[in-house]
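# Examining the three-dimensional arrangement
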Amino acid sequence: MRGPTWTGAGHRDHRGGAGTHLDRSGPRATGTTRGPTRTGISKQDIREQIWDYMESQNLADFPRPVHHRIPNFKGSHRACQNIRDLEVFARTQEVKVDPDKPLEGVRLLALQCRAGPRNGFLLRIQQLGDEGGPLRPRACVGQSKKTLLVPTPRLRTGLFNRITPPPGANKDMLRKCATSQGVRSFSVPVGLDASVLVDLVVVGSVAVSEKGWRIGKGEGYADLEYAMMVSMGAVHEGTPVVTIVHDCQVVDFPEALLGDHDLTVDYILTPTRLISTGCRRPKPAGITWSKISREMLEKIPVLRSLREREKRAGKDVSLQAEHKPLLGPASQRPAAPSTVRRPQDASRPGADSPEAACSPLGGEGVLATVCVGNLPRDARVSDLKRALRELGVAPLQLTWRGLRHRALLHYQDLAAAQRAVSCLQGLHLGASALTVALARPQKDK
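Bear in mind that the values here come from a model prediction, so they are computed numbers and not experimental data. (Residues numbered from 1 in each chain as written. Predicted model: local features only at pLDDT ≥ 70, side-chain atom pairs only at ≥ 80, totals over all residues. Heavy atoms only, no water.)

## Here we look at the side chain of Q81
If you trace the backbone, Q81 turns up in helix 2 (residues 76-81). For Q81, a relative accessible area of 13% translates into the label buried. At 3.0 Å, the side chain of Q81 forms a polar contact with the side chain of R84. (Helix = DSSP H or I, 4+ residues; strand = E, 2+ residues; numbered from the N terminus. Buried < 20%, exposed > 50% of the residue type's maximum accessible area, 1.4 Å probe, protein only. Polar contact = N/O pair within 3.5 Å; in protein donor to acceptor, adjacent residues only side chain to side chain.)

Now the structure itself:
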């Protein structure tokens with residue numbers, strides 16, 4: 001598939017409607033740029049191709065490799081600067097920006113605006129478009145005083161923090177405050193009962209379409225953060241959402257991959273483009289409790305508090321019936337990610353099967369265990385969980401034995417375990433063909 005084209009058809013204002021562009025590519029971006037080739041239909045397939053392409057084309061920037069991350073990219077600072085051309089940024093007073101590295105430039109701009117026009121960042125005029133093109137006012141970073149909110153990493157200690165630079169901070173200090181270390185060092189937690197009204201949300205993405213459909217790194221935190229903000233009344237359906245990506249991350253993919261919980265975006269900023277998506281797909285209307293596992297609830301205290309609040313309000317807060325590691329709906333789809341493949345000549349597990357080295361887990365609700373062996377040395381538990389989810393065989397519990405290159409999948413009954421064994425035959429994770437077998441029951445002593 002050919003990647004995005006940056007030749008442009010003129011310099012249209014980003015307020016012009018759905019899918020319109022403010023193209024700054026100029027003479028450097030004539031012709032067509034090749035992006036990653038998309039042949040699969042799963043979210044993970046798209047993620048892997050974006051990550052691989054950015055690494056192979058040396059588009060990625062620190063930290064690397066970008067796999068399993070919101071990728072930082074060369075030109076991210078230039079892409080962040082484009083947010084000054086959004087009227088919604090000029091008038092916003094409270095902006096929530098994710099802690100991802102490629103969004104550092106937006107966090108800095110928000111901090112520079114924190115004191116309003118008196119901080120010296122006055123309206124600037126900059127030429128847009130080709131040489132000789134018209135001049136127009138650029139959005140003034142000092143038009144409104146801004147408060148920067150940044151989510152707590154993995155929501156471990158709360159929903160988000162308010163970044164508070166020291167008094168009299170100069171630009172170098174503000175730049176430090178915009179980094180991940182600065183976010184940790186110069187922040188104050190924001191409680192659920194705090195009066196917060198977020199005017200603008202800025203998120204990272206792995207892939208995004210010009211229609212506003214977004215794919216994150218697969219853990220679901222950006223979607224959950226937005227849903228939690230809806231629950232506490234901090235955002236509403238009209239709150240604009242912006243994402244900042246490299247041009248190669250703007251790709252086309254089917255809407256069928258999205259679930260009701262998936263966050264969409266209204267604006268896409270790249271180093272060369274500003275895209276108004278005109279997305280009409282509804283954003284999450286709140287927390288979908290049926291997609292939240294008990295494991296996730298235990299890891300996120302603020303989520304437990306919100307659940308209690310909604311329970312008292314009479315809402316249905318029932319959790320998902322069985323453990324599915326991630327928030328996404330991909331477990332309902334048969335498509336496997338690009339790193340999970342089924343070769344025609346895949347052999348059935350035989351003498352080298354891990355079953356002899358595994359034993360079932362005793363515990364409430366666990367009646368059958370599946371042993372998965374020959375895991376790659378660099379495999380992560382999230383890789384296996386994602387593959388299991390997308391194949392529709394997420395277990396009740398998972399025991400990771402990475403040093404032994406094995407994992408145990410625990411199911412609530414023998415039928416579920418046998419179905420998992422059948423679905424996982426011939427499975428590859430990366431380049432490794434996995435061995436799969438039912439665990440041998442322990443003999444009574």
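Don't stop here, the text continues.
## Structural notes on the confidence of the model for the protein chain
Here the protein chain shows a mean pLDDT of 76. Residues at 70 or above account for 73%. At the level of individual helices and strands, the protein chain shows its lowest average pLDDT in strand 3 (residues 125-127), which scores 31, and its highest in strand 11 (residues 241-244), which scores 98. Counted against residues more than four places away or in other chains, residues 1-40, with its pLDDT under 50, gives 92 contacts. (pLDDT = per-residue confidence, 0-100. Contact = heavy atoms within 4.5 Å.)

## What about the packing of helix 7 (residues 221-231) against helix 9 (residues 301-312)?
One can describe the packing of helix 7 onto helix 9 by two numbers: an axis separation of 11 Å at closest approach and a directional angle of 40 degrees. When the interaxial angle is binned, helix 7 and helix 9 end up oblique. At the point where helix 7 passes helix 9, the crossing takes the left-handed sense. Here L224, M228 and S231 of helix 7 lie close against helix 9, whose contacting residues are V302, L303, L306 and E310. Residue composition of the contact of helix 7 with helix 9, by class: five nonpolar, one polar and one charged. (Axes fitted to C-alpha atoms, helices over the stretch in contact; angles between N-to-C directions. Parallel < 35°, antiparallel > 145°, perpendicular 65-115°, else oblique. Left-handed = near helix turned anticlockwise from the far one by under 90°. Nonpolar A, V, L, I, M, F, W, Y, C, P; charged D, E, K, R; others polar.)

## Comments concerning helix 9
Its 12 residues place the ends of helix 9 17 Å apart at the C-alpha level, agreeing with the 16 Å of an ideal helix rising 1.5 Å per residue. Three or more residues of helix 9 are buried, namely V302, L303, L306, R307 and E310. Looking straight down helix 9, one finds its buried side chains confined to an arc of 140 degrees; they lie on one side. In helix 9, the exposed positions that point more than 90 degrees away from the buried face belong to K311 and R312. Each element contacted by the buried residues of helix 9 is listed here: helix 7 and helix 8 (294-299). (Expected span 1.5 Å × (residues − 1). Arc of directions from axis to C-beta.)

## What to know about the sheet that holds strand 17 (residues 406-411)
In a beta sheet, neighbouring strands pair by backbone hydrogen bonds and run either parallel or antiparallel. On the basis of which strands lie adjacent, the open sheet formed by four strands has the order 16-17-15-20 and antiparallel pairing. Each edge of the sheet is formed by a strand with only one pairing partner; in this case those strands are strand 16 (397-401) and strand 20 (435-438). On average, each strand axis in the sheet is tilted by 20 degrees relative to the strand beside it, whichever way the strands run. Sheet analysis places strand 16 next to strand 17, joined by five bridges and oriented antiparallel. From the neighbouring strand, R401 faces strand 17, where its bridge partner is R406. (Pairing = 2+ DSSP bridges.)

## Observations regarding unusual backbone geometry
Each neighbour pair has its own omega, and for F62 with P63 the value is 0 degrees, a cis peptide bond. Here the residue pair R64 and P65 is connected by a cis peptide bond, since its omega of -5 degrees sits within 30 degrees of zero. Within the fold, P65 resides in the loop between helix 1 (43-56) and helix 2.

## Side note on the nonpolar core
Proteins that are soluble and globular tend to have nonpolar side chains buried together. I83, L86, V202 and I244 are the most contacted members of the largest nonpolar core, which totals 50 residues. Excluding residues within four positions of it along the chain, I244 makes contact with F73, A79, C80, P102, L103, V106, V202, V203 and L269. V203, Y221, I292 and L306 belong to the second largest nonpolar core, which has 38 residues in total. (Core = buried A, V, L, I, M, F, W, Y, C linked by side-chain atoms within 4.5 Å.)

## Notes on the packing of aromatic side chains
Going through the model one piece at a time under the given rule, you end up with zero aromatic pairs. Above the ring of F89, the side-chain terminus of K146 is found at 4.7 Å from the ring centroid. (Phe/Tyr/Trp six-rings, centres within 6.5 Å; stacked < 30°, edge-to-face > 60°. Lys NZ or Arg CZ within 6 Å of the ring centre and 35° of its normal.)

## Topic: the pattern of salt bridges
Enumeration according to the criterion identifies 14 salt bridges in this entry. As a salt-bridge pair, E210 and R273 come within 3.0 Å of each other at their nearest N and O atoms. On the criterion of sequence distance, the pair formed by E210 in the loop between strand 9 (207-208) and strand 10 (214-215) and R273 in strand 13 (residues 273-276) is long-range, its members being 63 residues apart. Classification of E210 by relative accessible area gives partly exposed; the value is 32%. On the basis of relative accessible area, R273 is assigned to the buried category, the value being 2%. For E255, the salt bridge identified is with R281, shortest N-O distance 2.8 Å. Taken together, the residues span a long stretch of sequence, with E255 in the loop between strand 11 and strand 12 (267-269) and R281 in the loop between strand 13 and helix 8 at a distance of 26 residues. A network of salt bridges, in which partner residues are shared, links K96, D98 and E225. (Salt bridge = Lys/Arg side-chain N within 4 Å of Asp/Glu carboxyl O.)

## As for the pairing of strand 15 (residues 368-373)
Strand 15 sits mainly inside the fold: six of its six residues count as buried. Side chains A368, V370 and V372 project from strand 15 onto one buried face, and the interleaved T369, C371 and G373 project onto a second face that is buried too. Looking at chain direction, strand 15 and strand 17 are connected through five bridges and run antiparallel. By the bridge assignment for strand 17, V372 is matched with A407. Inspection of the sheet shows strand 15 paired to strand 20 by four bridges, in the antiparallel sense. Among the inter-strand pairings, C371 is bridged to a residue of strand 20, identified as A437.

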